[in-house]
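# Structural features, examined
One-letter residues, chain by chain:
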Amino acid sequence: MEKKTGIKQENDNGAITYKDLYLGAIGIAYFRSIEIKEAPGEHASLFVEAVLNSDTSENAFHEIEDTISLVYKKDNEDKVLFYGVLKDIAMDRDGDELVVRIKALDGTCQMD
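Described in the following lines is the structure provided in the data block. Every value quoted in this text rests on a predicted model; they were computed, and no experiment measured them. (Residues numbered from 1 in each chain as written. Predicted model: local features only at pLDDT ≥ 70, side-chain atom pairs only at ≥ 80, totals over all residues. Heavy atoms only, no water.)

## Section: the overall build of the protein
- Along its length, the protein carries one helix and six strands.
- Ordered by position in the sequence, the α and β elements of the protein form the string β-β-β-α-β-β-β.
- Looking at the protein residue by residue over its 112 residues, the buried ones come to 30%.
- Within the protein, counting contacts between residues at least 6 apart in sequence, those at least 24 apart form 50% of the total.
- A total of about 7800 Å² of accessible surface is found on the protein, and carbon and sulfur atoms cover 45% of it. (Helix = DSSP H or I, 4+ residues; strand = E, 2+ residues; numbered from the N terminus. Buried < 20%, exposed > 50% of the residue type's maximum accessible area, 1.4 Å probe, protein only. Contact = heavy atoms within 4.5 Å. Areas by Shrake-Rupley, 256 points an atom, 1.4 Å probe, with all protein chains shown as cover.)

## Some points on the packing of aromatic side chains
- A complete count under the given rule lists one aromatic pair for this structure.
- Seen from their ring centres, Tyr 18 and Phe 31 are 6.3 Å apart, and the 55° between their planes marks the pair as tilted. Remark: Phe 31 occurs in strand β2 (residues 28-37) and Tyr 18 occurs in the segment before β1 (21-23); sequence separation between them is 13 residues.
- Taking the relative accessible area as the measure of exposure, Tyr 18 reaches 44% and is therefore partly exposed.
- Relative accessible area serves as the criterion here: at 10%, Phe 31 is assigned to the buried category. (Phe/Tyr/Trp six-rings, centres within 6.5 Å; stacked < 30°, edge-to-face > 60°.)

Function-wise, these values are silent; they only describe arrangement.
Encoded structure:
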C-alpha cells in the first residue's frame with residue numbers, strides 16, 4: 001500500500017489508540033489509564049484515570065451528569081466504545097494537574 005504524504009493514513013491494523021479516545025462527559029487532556037471489563041453474568045465496567053484539560057474548572061467536575069461515554073473517532077465519525085452510568089467519581093490535584101478517576105457500569109445495571 002502506497003502512503004501519500006500530507007494525507008492521514010489509518011493504522012494498518014485498525015487499532016484504536018489513546019489519542020483517538022475522549023470522554024463525552026468532561027474535557028480530558030490525556031488518559032493515564034483506561035480499563036474496560038466484560039464477563040458473562042456481570043455488568044461491563046469502565047475505569048478511567050485522566051488529567052483534565054487546563055481550561056476545565058473544578059466546577060465542571062461537579063456538573064458531570066450521571067451517564068458517561070467513552071468515544072473514538074473513525075472515518076470522521078464518533079463511535080461509542082462504552083456507555084454507562086457513573087458509580088464512583090473522584091478528583092485530586094497532582095501538582096498543577098487535576099486528575100479525575102471514574103468508575104462506571106454499563107447501562108444494563110439500571111435494569112437491576
